[in-house]
Amino acid sequence: MSVVDFDLISKQANIDPAAIELLKKSNQEHYANLNIKCGDQVIQADTYVVFHSIARGPAKGGIRIAEDVSLEETRRLAELMTYKCALTKLPFGGGKSGIKLNPKTLSPEARKMIFAQYVSNFGTFLKDGTYVPAPDMNTGPADMATIYGLTRVKESVTGKPPRIGGLQGRDEATGYGVACIVKRAVDGILKQDIKGVTVAVQGFGNVGKWTARLLHQAGAKIVALSDETGAVYMDEGLPVDELADVRLLSETSLPAMDSNDIMTMPVDVFIPAAINGVITGDIATKTKARLIVEAANDPTTADADKVLFDRGICVLPDILANAGGVIGSYVEWKQGRSGSVITKSETYHTIESHLVGAYESVVTLAHHTGISNRLAAQVIAVNEVADSMRDLGWI
Ligand code: NAD
């Protein structure tokens, strides 16, 4: 099922029905059973690589390793990438890879072997520029380095370590973008100063950690953080800068709270930055945040979205809020193709300018039409992809 409701979108914009039919299906779906023998261990992993759309450029989207990966989830995430790239005016389509494995069972050597298998199965798409992967949940720069080591094409993968063609600032790019969006929305929508605004962040991986850190540096009060091992809470604000090297929150001696409560506690801003589908209809009826900024992909169910809209809670959707990562990837891809070296401040500037443009167009459309920010973002993005398809003579 599509991540967008084309009937609702069509009520807002005159989208060519032929474009909608194309967008309802993936452009390409590939499967491989990656299998390796590492020491005594035989590992196999169902692996899906989906290109939802290549109308606006190479399919762009990360590689996820998780036990609950499925084709359906990979499809949805690839489709989100199509709209994210279109909304932020990047010359990319949407793609995603899902490797169905428990990441904790992988030794560093097994991990390298899995990625070598991945390249052996799908490397053609990476080398010919059809698909440009990047890190996602449970993958990181070292894995992207393994991929690049095998393709030897700089722009075939983004999220590489800076020494081998990666980008200064790519690590924090998604969190930097989320923090930019939060700051703008706190000012423009909540009409509050960022200093002292209370924030709860679910997820303490790449995105959650950077988002919390950058908002803390801007003066926001990060009162709660959670990860899969637990949650911590301090009314007066957590010492986020001291947590830079913390891997798991359960390892800290900070005051603990029930991690289920992080989504319903009284804060100004709640930031889901972990997994999809966590804000359910039931949670949406109980949430007390005034603003929800979706750092994770697809964290809000369709039921919950309706409840939040009816309750007047402002939601800034994933395709806008977490697009800083793919904008950073775009800068890295451009750097790889041109051979130039791009500085961190140039990267930040590019992220901010693409995001601010998208943010303004979304909130303006939502304000003028009375629709949700999510629907507004989808209308703009789908329109953009449909126009690209028309330019290409596909419809
Ligand atoms: P990560 O693997 O670095 O971190 C995930 C975090 O979520 C970990 O702290 C983990 O403990 C926590 N977590 C897992 N299950 C949880 C649960 N039930 N409750 C609370 N915490 C839980 O992943 P990441 O790269 O930070 O990605 C997080 C989300 O952001 C994903 O939805 C991903 O698709 C999205 N995203 C990531 C990027 C990126 O550049 N990394 C870009 C755009 C979107």
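Going by the structure above, here's the rest.
Residues numbered from 1 in each chain as written. Predicted model: local features only at pLDDT ≥ 70, side-chain atom pairs only at ≥ 80, totals over all residues.

Caption draft 1: Region of the structure containing the overall build of the chain. Each helix and strand in the chain was counted, giving 13 helices and 13 strands. Its C-alpha atoms give the chain a radius of gyration of 20 Å, near enough to 21 Å, the size a compact globule of 395 residues would have. With respect to the principal axes defined by its C-alpha atoms, the chain has extents near 55 × 50 × 40 Å. For the chain, the residues scored as buried account for 53% of the 395 residues in total. (Helix = DSSP H or I, 4+ residues; strand = E, 2+ residues; numbered from the N terminus. Rg over C-alpha atoms; globule rule 2.2 N^0.38 Å. Buried ≥ 20, exposed ≤ 12 C-beta atoms within 10 Å, placed from the backbone.)

Caption draft 2: Local environment of the site of the ligand. Taken together, 24 residues lie around the ligand, and Gly205, Asp227, Ala274, Ala296 and Gly325 are the ones closest in. No other element matches the three residues that helix α7 (residues 206-217) contributes to the shell around the ligand. Classifying every residue of the shell around the ligand gives nine nonpolar, 12 polar and three charged. Taken together, domain 1 (28-164) and domain 2 (167-395) each give at least three residues to the shell around the ligand, which thus spans both. (Near = placed C-beta within 6 Å. Nonpolar A, V, L, I, M, F, W, Y, C, P; charged D, E, K, R; others polar. Domains from an automatic or database assignment.)

Caption draft 3: Main features of the packing of helix α6 (residues 170-188) against helix α12 (residues 344-369). Where α6 contacts α12, the axes come no closer than 10 Å and their chain directions differ by 45°. Relative to α12, the element α6 lies oblique. As for the relative orientation of α6 and α12, their crossing is right-handed in sense. For the pair formed by α6 and α12, the contact residues are Ala173, Tyr176, Gly177, Cys180, Ile181 and Arg184 on the first element and Thr347, Tyr348, Ile351, Glu352, Leu355 and Tyr359 on the second. Here the contact of α6 with α12 is composed, by residue class, of eight nonpolar, two polar and two charged. (Axes fitted to C-alpha atoms, helices over the stretch in contact; angles between N-to-C directions. Parallel < 35°, antiparallel > 145°, perpendicular 65-115°, else oblique. Left-handed = near helix turned anticlockwise from the far one by under 90°. Contact = placed C-beta atoms within 7 Å.)

Caption draft 4: The pairing of strand β1 (residues 28-38), seen in detail. Direction of pairing for β1 relative to strand β2 (residues 41-53): antiparallel, over a ladder of 11 bridges. Its bridge partner being in β2, Cys38 is matched across the sheet by Gln41. Turn length for the β1-β2 hairpin, with the two strands adjacent in sequence and antiparallel, is two residues, and the turn residue Gly39 shows positive phi of about 60°. (Pairing = 2+ DSSP bridges.)

Caption draft 5: Representation of the packing of helix α3 (residues 71-87) against helix α13 (residues 373-392). Closest axis-to-axis distance for the α3/α13 pair is 8 Å, and the angle between their directions is 85°. On the basis of their axis angle, the class for α3 and α13 is roughly perpendicular. Only Ala377, Gln378, Ile380, Ala381, Val382, Glu384 and Val385 of α13 make contact with α3, whose side of the interface consists of Thr82, Tyr83, Ala86 and Leu87. Here the residues of the contact of α3 with α13 sort into eight nonpolar, two polar and one charged.

Caption draft 6: Region of interest: the nonpolar core. With 122 residues, the main nonpolar core has Ile181, Val199, Val269, Val293 and Leu320 as its most contacted residues. Viewed by domain, this core spans two of them, domain 1 (28-164) and domain 2 (167-395), each represented by three or more residues. The contact partners of Val199, leaving out residues within four places of it in the chain, are Leu215, Ala220, Lys221, Ile222, Val223, Val267, Asp268, Val269 and Ile271. (Core = buried A, V, L, I, M, F, W, Y, C linked by C-beta atoms within 7 Å.)

So yeah, pure geometry; function would need other evidence.
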